Amino acid sequence: FVLGRPTPGGWVTMALYKGPEAKVNVREELWYPRFCQANEYTLNNLHRKNPRVQIKMLGVQGDLTYGLRTRHEFTCLQEDINIGVELGKIKVRPTWVQVIFKDLEEELEWADKKPDRVLVLCSCPSQIGEDTTIMDQVKGMCAGKPNVEITFSEAGSATSAIFESM
């Protein structure tokens, strides 16, 4: 939001926000469009298989030291998915939640409580504090859960080995 006021020389504008610029713009990085499209396809495929599906998009919250892109990707993805829904390109609007790692099991249980529920784990930091095994732990927690999808982006995938990512 920009405020303005007239002066003898014309309008002077003042921005309300005085905080720092974002350190990264994930939408401008090579990996993000693929990541966004993977989530779009996941949502539309879940809706295609079950038009009554309730989808919760979940992000694991990282710390402020590591996981800079994880912090930004979750917000950008939510905004971009909502735009896709408004455009009619995405057929189902999910709900969104970001949780701390230790509360993930509780969220995974949500998908089991009622039929027609699917949890999409769309954002996860590779490191929290000194622990660099977060993504592997999350994959282990999701193993054997047919109503949980993992769509988060990670380094070392086949795609990042074949194509430029950063």
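Residues numbered from 1 in each chain as written. Predicted model: local features only at pLDDT ≥ 70, side-chain atom pairs only at ≥ 80, totals over all residues. Heavy atoms only, no water.

A few points about the packing of helix 3 (residues 104–113) against helix 4 (residues 134–142)
The following threshold applies: Only C-alpha atoms enter the line fits that serve as axes; for helices the fit covers just the stretch in contact. Angles between N-to-C directions range over 0 to 180 degrees. Only DSSP runs of H or I with at least four residues qualify as helices, and only runs of E with at least two residues qualify as strands; both kinds are numbered from the N terminus onward. For any helix crossing, the convention is left-handed if the near helix is rotated counterclockwise from the far helix by under a right angle, and right-handed if that rotation is clockwise. It only takes one pair of heavy atoms within 4.5 Å for two residues to be counted as in contact. Amino acids outside the nonpolar list (Ala, Val, Leu, Ile, Met, Phe, Trp, Tyr, Cys, Pro) and the charged list (Asp, Glu, Lys, Arg) are all regarded as polar, and Gly is one of them.
Direction vectors running N to C along helix 3 and helix 4 enclose 35°, while the axes themselves pass 11 Å from each other. For the pair helix 3 and helix 4, the sense of crossing is right-handed. On the side of helix 3, the interface is formed by Leu104, Glu105 and Leu108, while helix 4 contributes Val138, Met141 and Cys142. Considered class by class, the residues forming the contact of helix 3 with helix 4 number five nonpolar, no polar and one charged.

Re the environment of Trp110
Rules: Burial classification: accessible surface area is computed with a 1.4 Å probe over protein chains only, and a residue below 20% of its type maximum counts as buried, one above 50% as exposed, and the rest as partly exposed.
Here Trp110 shows up in helix 3. Taking the relative accessible area as the measure of exposure, Trp110 reaches 16% and is therefore buried. Placed 95 residues apart in sequence, Trp110 and Ala15 show a C-alpha to C-alpha distance of 42 Å. The residues touching Trp110, leaving out its near neighbours within four places in the chain, are Gln54, Ile55, Lys56, Arg117, Val118 and Leu119.

As for helix 2 (residues 68–86)
Keep this limit in mind: To estimate the expected span of a helix, count its residues, drop one, and scale the result by 1.5 Å.
Taking 1.5 Å as the rise per residue, helix 2 with 19 residues should run 27 Å; its terminal C-alpha atoms sit 28 Å apart, in good agreement. For helix 2, the complete set of buried residues consists of Thr70, Glu73, Phe74, Cys76, Leu77, Asp80, Ile81, Asn82 and Gly84. Looking at the buried positions of helix 2, the neighbouring elements they touch are helix 1 (31–49), strand 3 (54–61), strand 4 (95–100) and strand 5 (117–123). Two residues or fewer past helix 2, Gly88 is found with a positive phi of approximately 80°.

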